[in-house]
Amino acid sequence: MAKNIAIDGPAGAGKSTIAKRIAKELGMIYVDTGAMYRAMGLFFHRQGVSPQDEAAIAREVGNAQVTIRYENGQQQVFLNGENVTAQLRTEEVGRMASKVSVYPAVRKKLVELQQQMAAKQDVVMDGRDIGTVVLPQADLKVYLTADSRVRALRRVGELREKGQECDPQEIEREIRERDYQDMHRDESPLRQAEDAVLVDTSQMDIDQAVQAVIRLFEERRAEWK
Ligand code: DC
């Protein structure tokens, strides 16, 4: 049986950085589900479909083929055969992803793809509904969070490293807006699964957070033996 670790939490909690490192240390595959929703967001943006137009989204969703491949251990996302990985990390695509991810037609398609991937191989999967909906039987569930101010400052640091100037207050406002949207939608809202372990990284650096999750996994592993 494939081993699965589910990591959920709000935007900017460090999920992808931490999940990637954990996967590497444990020899598992990292699956970034946010990138799949971002690819869908990009698709509807390109099609000129309004994120408010649920009927058009339900109609068009069948024309978006999202596939995942790994190149040198890095996840690559293909949209109808085109590698769109480099176009997914902008704030605009993130906002679009958050908006279109509220629709059942979009979620159903991506959840199926995620479940297939997790059944075949050992994965560390991160997102918003992994512990609650996608992998309810995951071997370990972690809810990774941090204070919204801390998350905004981390994001500002990342953008500045890329040479992009930004307003920290504006970034925090966007983060809170996205949290609200992700937590208050009807379909699979972001919430901590009952059996998930809460890891608050506000006072932790990456190494500490990675080690905290690996310790939790080792404890579980000891219980199976
Ligand atoms: O983790 P991220 O910022 O790349 O995710 C982008 C958006 O996609 C996020 O605001 C909500 C949505 N999403 C989701 O609904 N379910 C997931 N499992 C992952 C992401």
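To be clear, the structure that these remarks concern was listed above.
Thresholds applied
Residues numbered from 1 in each chain as written. Predicted model: local features only at pLDDT ≥ 70, side-chain atom pairs only at ≥ 80, totals over all residues. Heavy atoms only, no water. Near = heavy atom within 4 Å. Polar contact = N/O pair within 3.5 Å; in protein donor to acceptor, adjacent residues only side chain to side chain. Areas by Shrake-Rupley, 256 points an atom, 1.4 Å probe, with all protein chains shown as cover. Helix = DSSP H or I, 4+ residues; strand = E, 2+ residues; numbered from the N terminus. Nonpolar A, V, L, I, M, F, W, Y, C, P; charged D, E, K, R; others polar. Axes fitted to C-alpha atoms, helices over the stretch in contact; angles between N-to-C directions. Parallel < 35°, antiparallel > 145°, perpendicular 65-115°, else oblique. Left-handed = near helix turned anticlockwise from the far one by under 90°. Contact = heavy atoms within 4.5 Å. Core = buried A, V, L, I, M, F, W, Y, C linked by side-chain atoms within 4.5 Å. Buried < 20%, exposed > 50% of the residue type's maximum accessible area, 1.4 Å probe, protein only. Pairing = 2+ DSSP bridges.

(A) Spatial organisation of the site of the ligand. In the neighbourhood of the ligand, 16 residues make up the surrounding shell, with R38, R107, R128, R178 and R185 lying closest. The side chain of S101 places a nitrogen or oxygen atom 3.4 Å from an oxygen atom of the ligand. About the coverage of the ligand: the protein hides 96% of its 440 Å² of free accessible area. Put simply, the parts of the chain that give the shell around the ligand at least two residues each are α2 (33-47), α4 (91-100) and α8 (168-184). Looking at which element gives the most residues to the shell around the ligand, the answer is α2, with 4 residues. A per-class count over the shell around the ligand returns 3 nonpolar, 5 polar and 8 charged.

(B) The packing of helix α1 (residues 15-26) against helix α9 (residues 206-224), seen in detail. Interhelical geometry of α1 versus α9 gives an angle of 50° and a closest axis separation of 9 Å. The pairing of α1 with α9 is recorded here as oblique in orientation. The two elements α1 and α9 meet at a crossing, and its hand is right-handed. Counting all contacts with α1, which are made through T17, I18, R21, I22, E25 and L26, the residues of α9 involved are I206, D207, A209, V210, Q211, V213, I214, F217, E218 and R221. Here the residues of the contact of α1 with α9 are counted per class, giving 9 nonpolar, 2 polar and 5 charged.

(C) Summary view of the nonpolar core. Ranked by size, the top nonpolar core spans 38 residues in total, and within it M36, M40, F44, V66, V77, V106 and M125 carry the most contacts. Counting only elements with at least two residues in this core, the list comes to α2, α3 (54-60), β3 (66-71), β4 (74-79), α4, α5 (104-120), β6 (123-127) and α6 (130-134). For this core, the leading source of residues is α2, giving 8 residues. Not counting the four nearest positions on each side in its chain, V77 is found in contact with A35, A39, V66, T67, I68, E82, N83, V84, T85 and L88. Counting residues in each nonpolar core, the second largest holds 20 residues, with M28, L144, A209 and I214 among its members.

(D) A look at the sheet that holds strand β2 (residues 29-32). Strand order in this open sheet of 5 strands is β2-β6-β1-β7-β8, and the pairing throughout is parallel. Edge positions in the sheet fall to β2 and β8 (197-200), since each of these pairs with one other strand and no more. Strand-to-strand, the axes of this sheet are offset by a mean angle of 20°, without reference to chain direction. One ladder, built from 4 bridges, connects strand β1 (residues 4-8) with strand β7 (residues 140-145); its direction is parallel. Residue I7 lies in a different strand from β7, and its bridge partner there is V142. Its contacts with the sheet put α2 on β2 and β6, and the angle it makes with β2 is roughly 35°. Packing against the sheet, α5 makes contact with β1, β2 and β6, and its axis sits at approximately 160° to β6.

By themselves, these figures tell us nothing about what the structure is for.
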